[in-house]
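Listed below are the residues making up each chain.
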Amino acid sequence: WSGLRSFQVREAFLRFFQGRHRHRRLPSASVRPRGDPALLFVNAGMNQFKPIFLGTADPRSELARYQRVVNSQKCVRAGGKHNDLEDVGRDTYHHTFFEMLGSWSFGDYFKEEACSMAWELLTKIYEIPQDRLYVTYFGGDSSLGLSADEESRDIWLSLGVCPSHVLPFPLKENFWEMGDTGPCGPCTEIHYDHIGGGRNAAALVNQDNPDVVEIWNLVFMQYDREASGSLRPLPQHHVDTGMGLERLVTILQGKRSNYDTDLFTPILDAIHKGCGGPGYQGLVGKADVKCMNMAYRVVADHVRALSVCIADGVYPGMSGAEVVLRRILRRAVRFCSEVLHAPPGLLASLVPAVHILSLLLLFHQIVTIISENEVAFLSSLQRGRRIIDRTLQQMGPSKLFPVEVAWSIYGNLGFPLDLIGLMLEEKGIQLDWEIVNKLAQEDAEKARSQQTEQLEGSAAQLDVHSLAQLQRDGVPVTNDIPKYAYTLGPDGRYVFSPCQATILMLYKDRSLQKEVGAGQRCGVILDRTSFYAEQGGQAHDQGYLMLLGQQDVLFPVESVQLSGGYVVHEVTVLETLRAGDQVQLFVDEAPVTTQQMQEIEGIIQEVIKRDEAVYMAEAPLMLVRSIQGLRTIDEVYPDPARVVSVGVPVDTVLTQNSQAAMQTSVELCCGTHLLKTGAIQDLTVISEHQLVKGISRIIAVTGEQAKQAREVGQRLAAEVDSLCVRVKRGNSSLPEIQNLSKELDTTAMPQWQRRELQTVLKALQRATNTAIRKLEISQAAEAAQILLEKHPNQPVIIDTVPVASLSILVKVVNQLCDKSGVSVLLLSPQASGQVLCACQVSKSSLPMLSAADWAVAVCTWMGGKAGGSGIVAKGSGNTKDMQGVLTAALEYVRTKL
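First, a word on what this report is: a plain description of the structure on this page. This one's a predicted model, so the numbers in the text were calculated from it and none came from an experiment.

Of all hydrophobic cores here, the largest spans 116 residues; its most connected members are Phe13, Tyr126, Ile190, Trp216, Ile271 and Leu347. Element by element, the count of residues in this core is highest for helix H8 (residues 292-311), at 14 residues. Two domains share this core, each providing at least three of its residues, namely domain 1 (6-260) and domain 2 (264-397). Other than its neighbours up to four places away in sequence, Phe13 contacts Val70, Asn71, Leu101, Gly102, Ser103, Leu121, Tyr126, Trp216 and Met243.

Listed below in structure tokens is the structure:
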């Protein structure tokens, strides 16, 4: 195995589970999480399967049918709960980006089979000596009432593992949890001793010793941790295993460091070539004088993370995962510039050395984004360095750097805090990390508070046990076909058909209930719905439910979520709801227009400028009822009632037949009010959404907050203008537009301006999509011309071509067939192991040869599927024997022509 490349190690893992043990082979998911706001990046192979573990997978979906699965998942651990960023470079095995080789069983096999497969692969396939392997298991926890996982221990012993190599460990090391709540269970880990030689290294397991490292973790999900901390058995048992490709390759290639494997050596060589000076020596700690080797490791690791993230649509930015990626980029730029003394542009020049197949077609885009961000940060780096140097001169003999200066550099220049710490550490200066971490924690808690409230406060997310109970009780999933029942009216407005439904079950406090009383918040599960549930990047519909026969009782729908095929409508109950009740559903059609929004702001601004007096007085309720223009008196008010009038004395509006209240704001309110409208200073509407049909909720800010919202609006407007220019020049990308659109959606700014800018961005997105399509056509034409020159005067063209998608492949086939006048079949191997297939039959070959039959024959040979017409068809499959499938494609044609 020492002579094999990393891609061969990966392929052996996938083939072992796919071929020997009937696992379904899946491609890696994007590092950008889908439908999981709690994650910044995909940080483990199990992320894409969380709906299965939680029981929320739609039973009609492909996901719900998975039983045995294997893949190699791209993972990023930087920011959030799992964060290795600050350790990268200091040792030889921490990384921000890595590949997780994973195998799963969803309600199929369990501990015995999982352990047996793992041991077979490591000792028989990879031929790792058994005496170098150690296994750990959960030793139990009396505080939780959990006994030791003796089942796992006994399985390992039965497989022939030496008893002295089977070690119990407590909860921290050998009990895996998805989060504070949710699926969890004991795990068993496999560790490798790099030294070997017959020694017993049991005492070094789980001791952070670089010579004895964990390589594979097998998690047995059998419990569900509830908010109370108690554990309940899961309805189904699952297996989730994960092994880092980098560590495995290090072992199999006979190395002691991940950076000495073929995953990193091309990048390290490129760094040396780009900056000159001493090459990489693998030194760590005090032996690494001037941190040169640390810099090599940081830059090599970070350029891999940057390349993969950008390829998956995560760009350096100002929030969430984007700000973490910006931090990674700036850390790498700083090491390039100030430690390696490399010329500007080195970081981007390393991208070709990152040997990850999925990056090839996005090479230029990745280089451009890294280059632009590197240039932008270099000027900030110089300014930050000057501030640090000037502060150090003013400090005198002190060795403690002022926290307020560090925090200012972090906030104003965008310096990552760990980078500031490193720069000071190199000069022998300390930073009070206790204070810094406290400030950072307070900052993070503010940012998380709103998201946490949304995640924890929802009554529309069914828990795994409730889902299992619904399925056991035979409750049918919700029919949501009526959500597509809408038409375009003669006035250009969409009209949604009313929908009648039956309440099947109510959900409150993580339990299913038949009845929920007034004033409580709950989820309503219906047999059918016209509401769109939040999914696929689209927000849920807004509207209301109405009890059949009670038109005066409306239940505004606060959120709509899809869990395991059940559509759950979150409402606050106004009158008791019961299972079996009939309700009518109404989806809201339009919100307040942008023009109306500006008019509302304009009217209020005029009132503020006039600095009108606000009058307040009590009056008999009978007299108050006669006020023309009074907003409402349907509520219960005391008698006498308190009248508040803007700009017009209360006596005047109470005068019989007075029209004064028709021209101003008159309300009944016992609250405290400003005495003059000018005290408001400024006002802008930052949010608007419809509660029920015809009623909108508007949120506005005043004073300094309004001023700040306008300034933010001006800044974003300038960014949109700049983006427009870059789109016209062809210097922007679709993810950049999407990121700016996301910022518009979540930032406090004038609502009318938000809508206008969103309209502009949608137009830019359409233009960019058009440009991408044109580029694809151009790329297809170029590829077709190359193949045409490669296959002159051939009766049929069959070949492979590297493309990013099936749509591009179809375009290449189409253009090649048109130019050559002969039938064409092209294959395109993908990084995931999938092989794309497209073909087109020339007119001269019809009807003897059918494109659909040709594609089906070829894709069936690869274990896949295909479809199409007699002229054009496409499909896909999985094979490594490209020559074999090309031969099969040619043989098929020969039998027909």
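Moving on from the coordinates now.
Our focus in this paragraph is a nonpolar patch on the surface. There is a patch of nonpolar side chains on the surface, built from Ile481, Tyr484 and Tyr486 and spanning about 350 Å² of accessible area. Here Tyr486 is to be found in strand S12 (residues 486-488).

This part covers the pattern of salt bridges. Applying the stated criterion across every chain yields a total of 41 salt bridges. Put simply, Arg20 and Glu120 hold a salt bridge, and the shortest N to O gap is 2.7 Å. Residue Arg20 is found in helix H1 (residues 6-20), and its partner Glu120 is found in helix H3 (residues 111-125); the two are separated by 100 residues along the sequence. One salt bridge in this structure joins Glu62 and Arg65, with 2.7 Å as the shortest N-O distance. Assessed through its relative accessible area of 33%, Glu62 is described here as partly exposed.

The subject of this paragraph is the layout of surface pockets. Here the second largest pocket is characterised by a volume of approximately 840 Å³. What lines the second largest pocket is a set of 20 residues, among which Ile604, Val646, Ser665, Glu667 and Leu683 lie closest to the centre. Breaking the lining of the second largest pocket down by element, the ones donating at least two residues are helix H16 (594-610), strand S25 (641-646) and strand S28 (695-702).

What follows is about helix H13 (residues 417-425). Counting buried positions along H13 yields 8 of 9 residues, so the element is predominantly enclosed. Within H13 the residues assigned to the buried category are Leu417, Asp418, Leu419, Ile420, Gly421, Leu422, Met423 and Leu424.

Below, the discussion takes up the pairing of strand S21 (residues 566-572). Buried residues dominate S21, accounting for 6 of its 7 residues. In this structure, strand S17 (residues 521-526) lies alongside S21, joined through 5 bridges in antiparallel fashion. Opposite Val524, over in S21, you have His569 as the bridge partner. Bridge count for strand S20 (residues 559-563) against S21 is 5 bridges, and the pairing is antiparallel. Note that in S21 the partner of Ser563 across the bridge is Tyr566. Linking S20 back to S21 in an antiparallel pair, the connection comprises 2 residues, with Gly564 at a positive phi of about 60°.

About the thresholds
Residues numbered from 1 in each chain as written. Predicted model: local features only at pLDDT ≥ 70, side-chain atom pairs only at ≥ 80, totals over all residues. Heavy atoms only, no water. Core = buried A, V, L, I, M, F, W, Y, C linked by side-chain atoms within 4.5 Å. Buried < 20%, exposed > 50% of the residue type's maximum accessible area, 1.4 Å probe, protein only. Helix = DSSP H or I, 4+ residues; strand = E, 2+ residues; numbered from the N terminus. Domains from an automatic or database assignment. Contact = heavy atoms within 4.5 Å. Patch = residues over 30% accessible without salt bridge, like charges linked within 9 Å, V, L, I, M, F, W, Y side chains within 5 Å. Areas by Shrake-Rupley, 256 points an atom, 1.4 Å probe, with all protein chains shown as cover. Salt bridge = Lys/Arg side-chain N within 4 Å of Asp/Glu carboxyl O. 1 Å grid on protein atoms, 1.4 Å probe; cavity = no way out; pocket = protein on both sides within 12 Å on 5 of 7 lines; lining within 4 Å. Points joined across faces, edges and corners; volume = space filled by probe spheres on them. Pairing = 2+ DSSP bridges.

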